[in-house]
Amino acid sequence: EKGVSLLEKGDYHQAIKFLSLAISMREDSAAYSNRAHAYGNLGEHKLASKDLIRAIELIKLSLENTYDPNKKDKILMDYAFAFIGLGHTFINLEDF
């Protein structure tokens, strides 16, 4: 995906643009997590936190609707990484 490629290159503004487009077409926890990473690198911690919270919500929905144990392991790993990311945003969650 173009947004991920731009994120890996450090072009955070363009990554946000492409990831936002992807999210507008289909909500996806990975896209939200990646956009949160870009926001975090730009110092936009509140926006990063909001995206991580949405990613966590989507991951929880996936977990509730998945019965395959192998998929559940991957979903739980995504969930853990989203929480770790949320911890690195250094914001006050009472703002939400």
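Residues numbered from 1 in each chain as written. Predicted model: local features only at pLDDT ≥ 70, side-chain atom pairs only at ≥ 80, totals over all residues. Heavy atoms only, no water.

### Looking at the overall build of the protein
Scanning the protein from terminus to terminus reveals five helices and zero strands. Ordering the α and β elements of the protein from the N terminus gives α-α-α-α-α. Within the protein, contacts between residues at least 6 apart in sequence are counted, and of these 43% link residues at least 24 apart. Taken as a whole, the protein presents about 6300 Å² of accessible surface, with 55% of it coming from carbon and sulfur. (Helix = DSSP H or I, 4+ residues; strand = E, 2+ residues; numbered from the N terminus. Contact = heavy atoms within 4.5 Å. Areas by Shrake-Rupley, 256 points an atom, 1.4 Å probe, with all protein chains shown as cover.)

### Structural notes on the pattern of salt bridges
Applying the stated criterion to the full structure yields four salt bridges. For Asp-28, the salt bridge identified is with Arg-26, shortest N-O distance 3.4 Å. The shortest N-O distance in the salt bridge between Arg-54 and Glu-27 comes to 2.7 Å. With Arg-54 in helix α4 (residues 45-64) and Glu-27 in the loop between α2 (12-25) and α3 (29-41), this residue pair connects regions lying 27 residues apart in the sequence. With relative accessibility at 37%, the residue Glu-27 sits in the partly exposed group. (Salt bridge = Lys/Arg side-chain N within 4 Å of Asp/Glu carboxyl O. Buried < 20%, exposed > 50% of the residue type's maximum accessible area, 1.4 Å probe, protein only.)

### A few points about the nonpolar core
Ranked by size, the top nonpolar core spans 15 residues in total, and within it Ala-15 and Tyr-32 carry the most contacts. Of all elements in the fold, only α1 (2-9), α2, α3 and α4 reach the threshold of two or more residues within this core. With residues near it in sequence (within four places) discarded, Tyr-32 still touches Ile-23, Glu-27, Asp-51, Arg-54, Ala-55 and Leu-58. (Core = buried A, V, L, I, M, F, W, Y, C linked by side-chain atoms within 4.5 Å.)

### Remarks on the environment of Arg-35
Mapped onto the elements, Arg-35 comes out in helix α3. A relative accessible area of 13% means that Arg-35 is categorised as buried. Considered as a pair, Arg-35 and Phe-18 are 17 residues apart in the sequence and their alpha carbons are 9.1 Å apart. Those residues in contact with Arg-35 that sit more than four places away from it in its chain are Ile-16, Leu-19, Ser-20, Ile-23 and Asp-51.

### Looking at α1
When α1 is considered as a whole, its buried residues turn out to be Gly-3, Leu-6 and Leu-7. Burial along α1 is one-sided: seen end-on, the buried residues are contained in an arc of 105 degrees. Pointing more than 90 degrees away from the buried face of α1 are the exposed residues Glu-8 and Lys-9. One or two residues past the end of α1 sits Gly-10, with phi positive at roughly 85 degrees. (Arc of directions from axis to C-beta.)

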